[in-house]
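So you can see what is in the structure, the chains are spelled out below.
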Amino acid sequence: MAENAKKYGVLVCVDGSAVSDAAVAWGTREAIMRDLPITLMHAVPPVVVGWPVGQLYADMPEWQHDSAQHVIDQARKTLSTSLGESRPPEIHTETVYSAIVPALIEASKNAWVVVAGSQGLGAVGRLLLGSVTTGLVHYAHCPVAVIHSDEGATPDSSAPVVLGIDGSPASEAATALAFDEASRRGVGLVALHVWSDVGVFPILGMDWHDREKEAQEVLAERLAGWQERYPDVHVERKLFCDKPSEWLLKESEHAQLVVVGSRGRGGFPGMLLGSVSSAVAQSARVPVLVVR
């Protein structure tokens with residue numbers, strides 16, 4: 001693990017919502033599994049007020065402080081509840097008074113992973129996936145875990161890890177992390193490759209079956225080195241034609257974690273890990289790790 005990742009370790013964005021609690025629980029398990037510290041961070045955005053300012057502005061700093069402390073205290077309680085019989089990781093808390101997205105992106109420089117809920121608390125919180133989480137997915141300096149809260153349901157701990165793979169640099173990084181996650185969890189890995197430029201086949205006079213063997217060879221080549229490095233991980237290869245987000249979401253229904261890259265190769269084949277990663281992060285009901 002990189003030394004500069006030790007400052008924050010597993011960095012969890014907290015805001016007091018139910019999905020924030022789910023993010024804390026997932027981040028706690030990840031920190032324990034990797035023997036990393038965990039940091040609970042709450043960002044308080046600047047307050048914009050009109051004129052006249054009046055008493056509201058004068059009381060706002062104290063109100064913000066009290067609210068932030070309540071959020072941090074709740075997150076710590078959730079963390080304690082999530083421990084079970086496990087030894088607690090090193091725990092840090094931090095409140096930053098800054099615009100949320102820039103603060104988290106800056107902090108991500110010194111984190112191994114940033115964990116964020118798919119949506120937050122109240123009207124501002126509901127914009128999380130569209131603004132905060134999307135900003136992290138695109139600009140964070142480390143992997144981003146997007147956590148969903150489905151009435152407290154937790155994925156089956158024996159279910160596999162699903163990997164979206166296309167051979168791009170982002171996909172290669174995602175492959176490395178997916179194998180490591182599967183190995184640490186003691187589960188199998190479903191490697192999913194979707195050939196997403198099928199729409200041009202009729203134009204070019206090509207047939208999917210003519211390219212299927214080639215795609216299988218590419219997938220095997222991309223996985224070979226990692227299978228040798230992680231012989232304990234059973235790999236199931238799946239190859240599909242078109243609609244990558246739909247196939248990833250379908251496979252996620254029987255998984256405990258989905259790992260994708262943040263960007264693809266570009267052009268027609270590169271659709272798998274560009275906009276698709278955002279679609280999967282938004283719609284999957286299990287945690288999604290987006291790797292830059």
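Just so it is clear, the model here is predicted, and its values are computed rather than measured.

1. A closer look at the overall build of the protein
Helix and strand counts for the protein come out as ten helices and ten strands. Out of the 292 residues belonging to the protein, those deemed buried represent 48%. Once local pairs closer than 6 in sequence are excluded, the contacts in the protein between residues at least 24 apart make up 81%. Only carbon and sulfur atoms are counted for the fraction: they give 53% of the accessible area of the protein, which is about 14100 Å².

2. Digging into the environment of Ile100
Positionally, Ile100 belongs in helix α3 (residues 100-107). Residue class for Ile100 comes out partly exposed when judged on its relative accessible area of 24%. Remark: the alpha-carbon pair of Ile100 and Pro45, spanning 55 residues in sequence, is separated by 6.0 Å. Residues within four places of Ile100 in sequence aside, it is in contact with Ala43, Pro45 and Val132.

3. Things to note about the nonpolar core
Val12, Val115 and Leu189 are the most contacted members of the largest nonpolar core, which totals 42 residues. Every residue in contact with Val12, bar those within four places of it in the chain, is listed here: Ala23, Val24, Gly27, Ile38, Thr39, Leu40, Met41 and Val115. Counting 36 residues, the second-largest nonpolar core is a separate cluster that includes Val114, Ala116, Val137 and Val144.

4. Describing the side chain of His42
With respect to the secondary-structure elements, His42 resides in strand β2 (residues 38-44). When residues no more than four places from it in sequence are discounted, the contact partners of His42 are Val14, Asp15, Ala68, Val71, Ile72, Glu94, Thr95 and Val96.

5. Some details on the environment of Asp21
Checked against the element boundaries, Asp21 lands in helix α1 (residues 18-34). Once the C-alpha coordinates of Asp21 and Arg76 are considered, the two residues, 55 residues apart in sequence, prove to be 9.5 Å apart. Once you skip the residues sitting within four places of it in the chain, Asp21 turns out to touch Gln74 and Thr78.

6. Quick look at the packing of α3 against helix α5 (residues 132-139)
Interhelical geometry of α3 versus α5 gives an angle of 35° and a closest axis separation of 9 Å. Between α3 and α5 the crossing geometry is right-handed. Of α5, the residues touching α3 (which contributes Ile100, Val101, Leu104 and Ile105) are Val132, Gly135, Leu136 and Tyr139. Considered class by class, the residues forming the contact of α3 with α5 number seven nonpolar, one polar and no charged.

7. Observations regarding helix α6 (residues 169-185)
Because the α-helix completes a turn every 3.6 residues, residues three or four places apart line up on one side. Over its 17 residues, α6 runs 25 Å from end to end, which matches the ideal 24 Å to within 8%, given 1.5 Å per residue. All of the buried residues along α6 are Ala170, Ser171, Ala174, Thr175, Leu177, Ala178, Phe179, Asp180, Glu181 and Ala182. Once α6 finishes, Gly186 follows within two positions and takes phi at roughly 70°, a positive value.

8. Here's the deal with the environment of Arg237
One can find Arg237 in strand β8 (residues 235-241). Since its relative accessible area comes to 43%, Arg237 is described here as partly exposed. Put simply, Arg237 and Val190 are 47 residues apart on the chain and 6.0 Å apart in space, counted from C-alpha to C-alpha. Residue contacts for Arg237: discarding those within four places in its chain leaves Ala191, Leu219, Ala220, Leu223 and Gln227. A distance of 3.1 Å separates the side chain of Arg237 from the side chain of Gln227, its partner in a polar contact.

9. Regarding α3
Where α3 is concerned, the buried positions are Ala103, Leu104, Ile105 and Ala107. Buried residues along α3 sit against β1 (9-13), β2, β3 (91-97), β4 (111-117) and α5.

The rules we used
Residues numbered from 1 in each chain as written. Predicted model: local features only at pLDDT ≥ 70, side-chain atom pairs only at ≥ 80, totals over all residues. Heavy atoms only, no water. Helix = DSSP H or I, 4+ residues; strand = E, 2+ residues; numbered from the N terminus. Buried < 20%, exposed > 50% of the residue type's maximum accessible area, 1.4 Å probe, protein only. Contact = heavy atoms within 4.5 Å. Areas by Shrake-Rupley, 256 points an atom, 1.4 Å probe, with all protein chains shown as cover. Core = buried A, V, L, I, M, F, W, Y, C linked by side-chain atoms within 4.5 Å. Axes fitted to C-alpha atoms, helices over the stretch in contact; angles between N-to-C directions. Left-handed = near helix turned anticlockwise from the far one by under 90°. Nonpolar A, V, L, I, M, F, W, Y, C, P; charged D, E, K, R; others polar. Expected span 1.5 Å × (residues − 1). Polar contact = N/O pair within 3.5 Å; in protein donor to acceptor, adjacent residues only side chain to side chain.

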